Amino acid sequence: MIATAPTMKHEARPGLRSGRVLLSCALFALIAGATTQAAAQTHAGDGAALRIVFAAPLSGRHAAIGLAQRAALDETIATINTGGGIGGRKVVLDAHDDGCDRVRAATLARQITTPPAPPPLAVIGHPCASAAEAAAPFYQQAGVVMLAAGNRHPGFTDRRAGPLVFRVSGRDDRQGDDAAQRLRALAGKDGGIVMLHDRTVMARAITGAAASALMSQVAGGAPPPPSIGIVAGETDYARAVHEVAAARPSAILFAGFPAEAAILLRQLRAVGITAPLLMSDANATAEIAAHAGSLLDASVEVMLPVAAFVTAGEPAADEPASGPEGIAARDARSALDLVAAAARAANAPSSAELARVLAASTENRSFDARGDAVTASFAPHRRVDGAWRRVR
């Protein structure tokens, strides 16, 4: 998921909501029109193997992401083929190295979709944001379904190439929304919530999104929760703690960094404020563990990116949080699971039928009108036995 690597940010970031997504007849018509070419082409005959293309960085500094995804796909395909394949047809993985580079990815997509080679059933991967955006228009134009796995950059679906393009991962801009759901669960239906932030753009974005989500949960709207800013680098936040105490919250959100988080936590607990503290993902470090020590108990949680949907490879509640490679691998596995399930449900194993099935919601897996997976992007974790472990 190139999206969660510490040095890669959005470009390198290769993250529960429920509900059924309804797509209009116009969208189905658009899908049908866009996939006319794919419907007319075959996958090398009725009895031939079904080819799925995988594209990701398999060399260079981002190779760990792509190699983790490929390993997950190889394992899943072996399981599918052992069970009889899809409709009695073997599945083969055609792997390509996009180098996490937009020019290389575009060239690769053009080659994959150019006759006389038959089109693949689907393309999975392209976890790098710029590479995915460069490749997507070629797949859309050729009538080939693309499932971007591990690409968490919001712009990929905000600028969606077309209705054949889907994202099987969370979005980096949904931390605040997911935090709001957790805050409400921690505070209870009527409990008060306070926002603390270090006044940086990112921290304000997270707390602002959380506040908006909380207000929207109340029919007819609700006043915004108190928002208290601190100055990063200070060593005493008594004023902010006094404001929190006056608000008498049932839950607190802090968006900022570990040094300040440790000071706030210590001072909050020192004055008897025991409300659960939920922190942004930047605080899941060894630094805060060293400074906060035993204060990192069950009342303190951190929001961390999680894989899309729930698959056989999803970690159990007591397993440590996955790093970027693990999350990207689970996203790729989920994408392949979706392709296999859609192909079995389709009238014929073609991109046209695959897109039709993917566009329709199921009980557990669905996509919204932008092609984003309807899934949690971030989830709460607690520090247990020296590791951040997901709260179930």
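As a starting point, this report considers the structure included with it. Being a predicted model, the structure only gives us computed values, none of them experimental. (Residues numbered from 1 in each chain as written. Predicted model: local features only at pLDDT ≥ 70, side-chain atom pairs only at ≥ 80, totals over all residues. Heavy atoms only, no water.)

1. Side note on the pairing of strand 11 (residues 378-384)
Phase 1 of the analysis: In this sheet, strand 11 lies alongside strand 10 (residues 300-305) in antiparallel orientation, the contact comprising 4 bridges. Across the sheet, residue Val302 finds its bridge partner in strand 11, namely His381.
Phase 2 of the analysis: One ladder, built from 4 bridges, connects strand 11 with strand 12 (residues 387-390); its direction is antiparallel. For Val384, the partnering residue across the bridge sits in strand 12 and is Ala387.
Phase 3 of the analysis: In this structure, the hairpin formed by strand 11 and strand 12 is closed by a connection of 2 residues, where Asp385 is found at a positive phi of approximately 50 degrees. (Pairing = 2+ DSSP bridges. Helix = DSSP H or I, 4+ residues; strand = E, 2+ residues; numbered from the N terminus.)

2. A closer look at the nonpolar core
Phase 1 of the analysis: Core analysis: the biggest nonpolar cluster contains 35 residues, and Ile124, Val145, Leu147, Leu354 and Leu358 have the highest contact counts within it.
Phase 2 of the analysis: Within the residue set of this core, elements represented by two or more residues are strand 1 (50-56), helix 4 (63-82), strand 3 (122-125), strand 4 (145-149), strand 5 (165-168), helix 13 (324-345) and helix 14 (351-359). (Core = buried A, V, L, I, M, F, W, Y, C linked by side-chain atoms within 4.5 Å. Buried < 20%, exposed > 50% of the residue type's maximum accessible area, 1.4 Å probe, protein only.)

3. Let's talk about the environment of Ala292
Phase 1 of the analysis: Within the secondary structure layout, Ala292 lies in helix 12 (residues 286-292).
Phase 2 of the analysis: Along the backbone, Ala292 and Arg266 are 26 residues apart, and their C-alpha atoms lie at a distance of 7.1 Å.
Phase 3 of the analysis: In this structure Ala292 touches Ala262, Leu265 and Arg266, once residues within four positions along its chain are discounted. (Contact = heavy atoms within 4.5 Å.)

4. Quick look at the environment of Leu196
Phase 1 of the analysis: With respect to the helices and strands, the residue Leu196 is situated in strand 6 (residues 193-197).
Phase 2 of the analysis: Overall, Leu196 belongs to the buried group, its relative accessible area being 1%.
Phase 3 of the analysis: Between the C-alpha atoms of Leu196 and Pro226, which are 30 residues apart in sequence, the distance is 8.5 Å.
Phase 4 of the analysis: Apart from the residues lying within four places of it in its own chain, the contact partners of Leu196 are Thr207, Ile228, Ala240, Val244, Ile252, Leu253, Phe254, Ala255 and Leu264.

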